[in-house]
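Summary of the model geometry
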Amino acid sequence: MLRTSGLTKRFGGLTAVDDVDFALDSNELCSLIGPNGAGKTTFFNLLTGVLTPTAGTVELRAEDSPVNTADDGADARNESDEGDADSWRDITGAAPHEIASLGVHRSYQVTNVFPNSTVLENVRVAAQAAGGDGANFWRNARQLDRYIEEAYGILDRVDLADRAEEPASALSHGAKRQLEVGVALAGDPDVLLLDEPNAGVSSESVDRVVDLIEDVATDHAVLLVEHNMDIVMEVSDRVVVLNQGAVIADDEPAAVRDDPAVQRAYLGGYEPGSAGDGGEAA
Ligand SMILES: Nc1ncnc2c1ncn2[C@@H]1O[C@H](COP(=O)(O)OP(=O)(O)OP(=O)(O)O)[C@@H](O)[C@H]1O
């Protein structure tokens, strides 16, 4: 679905992401963990075009969509190595909006919704933009109804349908995170990158966000950055550990938990149910 090869990002003398080979399958929920400063956010930024890599490639599999020619000035290129069903598109260095339009969406650590718009409008506008009607707000009533209906379907999924008419600013932090996932879903993504969706969420709301992560993973590829190890162990099909920019483990959750190198770098002292976060950098 999404893969990187030799992906590297240097900031001056600091190598924040170091020669990372990574692959995410469709419908897989992979968690990316590691100590503070390990390079997780930088890796996300490379996948979504916010940063341009110093070296290496990011590729996306064009499963159902026809492979476009990159004639719009963007940097995405086609690379069909195994026929149409398995064609990979090189998206290295493509702009964030282009990568989003190809089906890779992210939610942010910092809440990223329009506070003065209603919950419904936040999702409806995102659906409208994804449907190619972003600049055509008043196109016709039927189109608008279609986007409103789609938005309600998404709000149902993120458990916010009963809050549809409230301004987003009225939501709790946890409910805002649900809304962010809803906004990301409105873009009809194939790949969802979730950057600490539980950060700042009250303990009563964590279960709801975890349920939502598990639900969206049933029909999307999900890459999750999460510091709460109980959640990582519960939801992940696979866990990748970054330390000083490099992958030090890539395996199923239990194997990663028991890996001595991971214990040293990140998990020192982690016991299931022990409140959660991995340790700081060794
Ligand atoms: N724009 C930048 N310029 C210079 N250095 C940067 C920049 N962005 C990140 N870094 C450095 O790159 C390294 C990786 O940072 P990054 O934010 O990717 O880590 P992280 O794993 O997401 O950390 P955290 O868990 O604290 O969010 C850090 O040493 C950071 O200081």
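These numbers come from a predicted model, not from an experiment. (Residues numbered from 1 in each chain as written. Predicted model: local features only at pLDDT ≥ 70, side-chain atom pairs only at ≥ 80, totals over all residues.)

**Some thoughts on the overall build of the protein chain**
What counts, and what does not: Helical segments are the DSSP runs of H or I of at least four residues, strand segments are the runs of E of at least two, and each set is numbered from the N terminus. Note on burial: count the other C-beta atoms lying within 10 Å of the residue's C-beta; 20 or more is buried, 12 or fewer is exposed, in between is partly exposed, and C-beta positions come from the backbone.
Counting secondary structure elements, the protein chain contains nine helices and 11 strands. Of all 282 residues assigned to the protein chain, the portion counted as buried reaches 41%.

**A closer look at the domain arrangement of the protein chain**
The criterion, for reference: Each domain's extent is set by a domain assignment, obtained either automatically or from a database. Placing C-beta atoms from the backbone, we regard two residues as in contact once those atoms come within 7 Å. Each residue gets one label: Ala, Val, Leu, Ile, Met, Phe, Trp, Tyr, Cys and Pro are nonpolar, Asp, Glu, Lys and Arg are charged, and the others, such as Gly, are polar.
The domain boundaries assigned to the protein chain delineate domain 1 (1-103 + 189-282) and domain 2 (112-188). Counting from both sides, the interface comprises 13 residues of domain 1 and, opposite them, 13 residues of domain 2. Take the side of domain 1 that touches domain 2: its biggest share by element is six residues, from helix α6 (residues 203-216). Here the residues of the side of domain 1 that touches domain 2 sort into eight nonpolar, three polar and two charged.

**What to know about unusual backbone geometry**
Where the residue is not glycine, phi is negative for most of them; where a peptide bond is considered, it is trans in most cases. The phi angle at Asp188 is positive, at roughly 55°, despite the residue not being glycine. Checked against the element boundaries, Asp188 lands in the loop between α5 (173-186) and β8 (191-195). Located in the positive-phi region is Gln244, a residue other than glycine, with phi close to 50°. Position of Gln244 among the secondary structure elements: in the loop between β10 (238-243) and β11 (246-251). A count of 17 C-beta atoms within 10 Å places Gln244 in the partly exposed class.

**Looking at the site of the ligand**
The test is simple: We call a residue near a molecule or strand if the C-beta atom, set from the backbone, is within 6 Å of it.
Around the ligand, a shell composed of Phe11, Leu14, Ala16, Gly34, Asn36, Gly37, Ala38, Gly39, Lys40, Thr41 and Thr42 is seen. Elements represented by at least two residues in the shell around the ligand include exactly β2 (14-24) and α1 (40-47). For the shell around the ligand, the element with the most residues is α1, which contributes three residues. Tallied by class, the residues present in the shell around the ligand amount to four nonpolar, six polar and one charged.

**Observations regarding α6**
Selection criterion: Take the number of residues in a helix, subtract one, and multiply by 1.5 Å to get its expected span.
Compared with the 20 Å implied by 1.5 Å per residue over 14 residues, the 21 Å span of α6 between its first and last C-alpha is a close match. Packing partners of the buried residues in α6 comprise α5, β8, β9 (221-225) and α7 (229-235).

**Digging into the nonpolar core**
Selection rule: Put simply, a nonpolar core is buried Ala, Val, Leu, Ile, Met, Phe, Trp, Tyr and Cys residues tied into one set by C-beta atoms within 7 Å.
One finds Leu32, Val123, Leu179, Ala186, Val222 and Val241 to be the most contacted residues of the largest nonpolar core, which totals 75 residues. Per-element tally for this core: the top contributor is α5, with seven residues. Residues in contact with Val241, not counting those within four places in the same chain, are Ile33, Gly34, Val247, Ile248, Ala249, Val256, Val262 and Tyr266.

**As for the sheet that holds strand β3 (residues 29-33)**
Where strands meet in a sheet, backbone hydrogen bonds hold them as pairs that are either parallel or antiparallel. To be explicit about the condition: When DSSP locates at least two bridges between a pair of strands, those strands are taken to pair. Axis definition: a line fit to C-alpha positions, over the contact stretch in the case of helices; interaxial angles, taken between N-to-C directions, run 0 to 180 degrees.
The strand order across the open sheet formed by six strands is β7-β8-β9-β3-β10-β11, and the pairing between neighbours is mixed. A single partner strand is all that each edge strand has here, and the edge strands are β7 (104-107) and β11. Taken pair by pair, the neighbouring strands of this sheet meet at an average axis angle of 20°, ignoring direction. By the bridge criterion, four bridges tie β7 to β8 in an arrangement that is parallel. Residue Val104 lies in a different strand from β8, and its bridge partner there is Val191. Strand contacts of helix α9 (residues 260-267): β3, β10 and β11, with the helix running at about 125° to β11, the strand carrying the most contacts.

**Re the pairing of β9**
Counted only if it meets this: A clockwise path from the first strand over the helix to the second, with the strands pointing away from the viewer, defines a right-handed crossover.
In terms of burial, β9 is a largely internal element, five of the five residues being buried. Here β9 shows a buried face lined by Ala221, Leu223 and Val225 and a second buried face lined by Val222 and Leu224. Where β3 and β9 come together, four bridges link them in parallel fashion. Residue pairing across strands places Ser31 opposite Leu224, the latter belonging to β9. In the sheet, β8 pairs with β9 via five bridges, with the strands oriented parallel. Paired with Leu192 across the two strands is Val222, which belongs to β9. Taken together, β8, α6 and β9 form a β-α-β motif whose crossover is right-handed.

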